[in-house]
Structures are given as C-alpha cells and as structure tokens.
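Structural features, examined
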Amino acid sequence: MVSGGSAPGGRGPAVTGANGHLGRRLLRALASEGPVRALVRSTDAAEQVRRLGLGASVETRIVDYADPDGLTEALRGCTGVVHLVGIIRESAANRYVDAHQSTCAALAAGAARAGVAQVVYLSILGAAEDSANACLASRGAAERLLAHGPVPAAVIRVPMVLGEGDFACRALAARARRRVNLVLRGTSLEQPIYAGDVVAAMMRALDLGRSAVFDLAGPESLPRAELTRRAAAILGRRTRVISSPQGAGRAVARVLEAVLAEPPVTRAMLGVLDHDDCVDSERAADALGITLTPLNETLRRCLHDAGAGAH
C-alpha cells in the first residue's frame, strides 16, 4: 500500500520504523542522496513521514512488520533495508518476542525474496541471547535470526542516543535545569552517542556487503550522575545529584507490575537503562568509517535545541 508521494525513480534502500526520531533523520539523509522507501505501520505514521516534506524522493508504504509476504512486496526493488523496530518496555499488546524476533524473522525472509542485498539492524548495547534481562535476551535472539538469515546483516548496537528534539535529550535537559536530581544508580556508566553519528553509521553499513556486529557508542563513558552534572555545566548551571539504589527502583517496578495492567516502568526496562556502557567506541567507528562527535559538542547541540538556554 502506497500512502503519500509517488514512487521514486531508481533503486534505493528502505527504512522500517521510518516515522521514529532516528527514522526521520535517516530518511532526510538518504533522500539527499537518492530514492528511499519508508515502511511504516499506520496511516498516522505515514502522515508523519509526509510532513517531512521530502517529496518524490520518498515512497511510503504501510506494512505489517511481522508479515513476510507483505515485507517481500514492500522491499521489492530496494537495494538494502535498515530495521529500526524495537522496544524497551514490554506491554500486553506489544511483547518483546513480537517486536524483535517476529519482525526480524519476517524481515529476513522478505528481504531474501525481494532480492535485497544488505540488512542493517539497530540493536542496543548489552543485547545477548543468554542475558537474564528479557529485553536484552530478546534483542540477542533477534540478532541471531538475522545473522543466520539468507541476507548479509550488519548489527549496530548503540547505547543512549541523543539528538535534537528527541525524548532522551529533553529528559536530560529537564534534569540539567533542576537544582536537585534523584537518579537511578548514579554510578551506572553512560556512553551517549550523537544521533547524527548513528545515522552516518547506518548509511555506511548499507554498503557493507557482509554480516558484522558493531558495538558503537560515543567517545566518552561516564557515570550517570556525572553526565547530569556535565549537562548542567553546559547550561551554566549547577545541580546536586542524589543516587537511588538499583534495588529501590526494581522494588517500585515490581509493585507497579503487580498492580497495573500496563505499568509505565518495568524491571526489564530498568535493567536496560541501568546497563553499564563502556566499549571501545573508536574500533567500531573506524570500521564503519565515521568520526564520532565529542560528548560536549553533542550536549551543546541537543540541549540548545531542547530550549534549555544552552550557550
């Protein structure tokens, strides 16, 4: 089903989850170089893509990500596909297995039938099939499905991604403006990466022509408490950070899971957010041929865009 814009001429890549924050950034970058196909799940999502104003460079199709036949048709004529579908909080209506394994299995089958040459999958640091965390284990299982699929798959695992206007950036800006902050395990290591660097990595991976796994993060790993103080300093402010024990957060999440059908926070979600991120960022960046944005520059760009009065 085509919904918005005429089909672009020539062959180009496709992007699933194209209406998300990273998806929209990737579409803009790909459309500047040629045709691209945006794959979304609903008419509302298709409208979000249309409002980007990218015109005939982008063809938008509505598809069920778990339907191999639908994906085959949606991917026909595409050179590669970037898969951006994933969740960190499971709900009754959206289980980890459905968001990760089911979509990756369908994508592998559909891409092969459509003659796609390369799959790029955006995963998260810590993903491993044997992880005790349900989300990370699900992501790891999804990676395995693609790795053993018929089309070469490049997996890019990332930590917190910060980009202008996104939720993570707005949340960090809000913390930076407070005089006192209560954060979950302030010693937890964060290694945030600029959204533009992730987009550049995905574009390079589309031309890889082989399967590979890249643990890609920003150039600096630092404790969560220090990241909050660094953000405040970028804004010319000072903040006191109080660290909440991991056990306290898990206890609250356990209660919410027991009393609410759709808890806003789950133990698996907290486990993902509390993962210590400390990887050799330059190794993956060099392999992909990209230059990482320094953390302070990332914070200046993102906090300023969040309307926090950065300078």
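Note on numbering: residues in each chain are counted from 1, in written sequence order. Owing to the predicted nature of the model, reporting of local features is limited to residues with pLDDT of at least 70; listing and counting of side-chain atom pairs is limited to 80 or more, with chain, interface and lining totals taken over all residues. Only hydrogens and water are removed before side-chain values are computed, so all heavy atoms of the structure are retained for them.

Another point: the packing of aromatic side chains. A pair of aromatic rings is counted whenever rings of Phe, Tyr or Trp (Trp by its six-membered ring) have centres within 6.5 Å, and the orientation is called stacked for planes under 30 degrees apart, edge-to-face for over 60 and tilted otherwise. According to the stated counting rule, one finds zero aromatic pairs in the structure shown. Taking NZ or CZ as reference, R301 lies 4.8 Å from the ring centre of Y194, over its face. Distance and angle both matter: a charge sits over a ring if NZ of Lys or CZ of Arg is within 6 Å of the ring centre and within 35 degrees of the ring normal.

Each residue is placed in one exposure class: buried if its accessible area under a 1.4 Å probe, protein chains only, is under 20% of its type's maximum, exposed if it is over 50%, and partly exposed if it falls in between. Segments assigned H or I by DSSP are reported as helices when at least four residues long, segments assigned E as strands when at least two residues long, and all are numbered from the N terminus. With eight of 11 residues buried, helix α7 (residues 195–205) lies mostly within the body of the structure. The complete set of buried residues in α7 reads A195, D197, V198, V199, A201, M202, M203 and A205.

Nonpolar core, defined: a set of buried Ala, Val, Leu, Ile, Met, Phe, Trp, Tyr and Cys residues in which side-chain atoms within 4.5 Å join the residues together. Ranked by size, the top nonpolar core spans 66 residues in total, and within it L26, L75, I156, M202 and L216 carry the most contacts. Here the element with the most residues in this core is α7; it accounts for seven residues. Throughout, a residue-residue contact means that at least one pair of heavy atoms, one from each residue, lies within 4.5 Å. Setting aside anything within four residues of it in sequence, one finds M202 in contact with L26, V82, L84, V120, L122 and I156. Residues L162, C169, I234 and C302 belong to the second largest nonpolar core, which totals 16 residues.

Disulfide assignment relies on a single distance test, namely cysteine sulfur atoms paired within 2.5 Å. Per the stated rule, a full pass over the model turns up zero disulfides. Counting only cysteine sulfurs, C135 is the nearest neighbor of C104, a cysteine outside any disulfide, at a range of 12 Å.

Further remarks concern the environment of V241. Along the chain, V241 falls in strand β13 (residues 240–244). For the pair V241 and V183, spaced 58 residues apart in the sequence, the C-alpha separation amounts to 7.0 Å. Apart from residues lying up to four places away in sequence, V241 is in contact with N181, V183, A225, T228 and R229.

It is worth spelling out the pattern of salt bridges at this point. A carboxyl oxygen of Asp or Glu within 4 Å of a side-chain nitrogen of Lys or Arg is what we treat as a salt bridge. All chains considered together, the criterion is met by 20 salt bridges. A salt bridge links R224 to D274; its shortest N-O distance comes to 3.6 Å. In this pair, R224 sits in helix α8 (residues 224–234) while D274 sits in the loop between α10 (267–273) and α11 (281–288), placing the two residues 50 residues apart along the sequence. Each member of the pair R224 and D274 is classed as buried. R301 is paired through a salt bridge with E297; the nearest N and O atoms lie 2.9 Å apart. Note that R301 and E297 are positioned in helix α12 (residues 295–305) at a spacing of four residues, about one turn of the helix.

Whenever a helix is involved, its axis is fitted only over the stretch in contact; in every case the axis is a line through C-alpha atoms, and angles between N-to-C directions fall within 0 to 180 degrees. Across the interface, helix α1 (residues 21–31) lies against α7 with an axial gap of 10 Å and an inter-helix angle of 60°. Taken as axis vectors, α1 and α7 run oblique relative to one another. The interaxial crossing formed by α1 with α7 has right-handed handedness. In contact with H21, L22, R25, L26, A29 and L30 of α1, α7 contributes A195, G196, V198, V199, M202 and M203. In this classification, the charged set is Asp, Glu, Lys and Arg, the nonpolar set is Ala, Val, Leu, Ile, Met, Phe, Trp, Tyr, Cys and Pro, and all remaining amino acids, among them Gly, are polar. A class-by-class count of the residues in the contact of α1 with α7 yields nine nonpolar, two polar and one charged. An angle below 35 degrees is treated as roughly parallel, one above 145 as roughly antiparallel, one from 65 to 115 as roughly perpendicular, and anything else as oblique. Definitions for this section: a left-handed crossing has its near helix turned counterclockwise from the far helix by less than a right angle. A right-handed crossing has that turn clockwise.

Tracing the backbone through its elements, the reader meets N181 in strand β8 (residues 180–184). The exposure class of N181 is buried, given its relative accessible area of 2%. A 3.5 Å cut-off defines polar contacts: any pair of N or O atoms within that distance qualifies, except that in protein one atom must be a possible hydrogen donor and the other a possible acceptor, and neighbouring residues in sequence count only when both atoms are side-chain atoms. Among the polar contacts made by the side chain of N181, one reaches the side chain of T239 at a distance of 2.8 Å. What N181 contacts, discounting residues up to four positions off in sequence, is R175, T228, T239, R240, V241 and I242.

Before going further, it helps to spend a moment on the sheet that holds strand β1 (residues 14–16). Taken together, the seven strands give an open sheet; going across it, the order is β3-β2-β1-β4-β5-β6-β11, and neighbouring strands pair in parallel fashion. In this open sheet, the two strands that pair with only one neighbour each are β3 (58–62) and β11 (212–215). Adjacent strand axes in the sheet meet at a mean angle of 20° when their direction is disregarded. Strands qualify as paired when DSSP identifies two bridges or more between them. Relative to β3, strand β2 (residues 36–40) runs parallel, the two sharing five bridges. Counted as the bridge partner of A38 is T60 from β3. Lying on the sheet, helix α3 (residues 68–75) is in contact with β1, β2, β3 and β4 (80–83); it crosses β2 at an angle near 155°.

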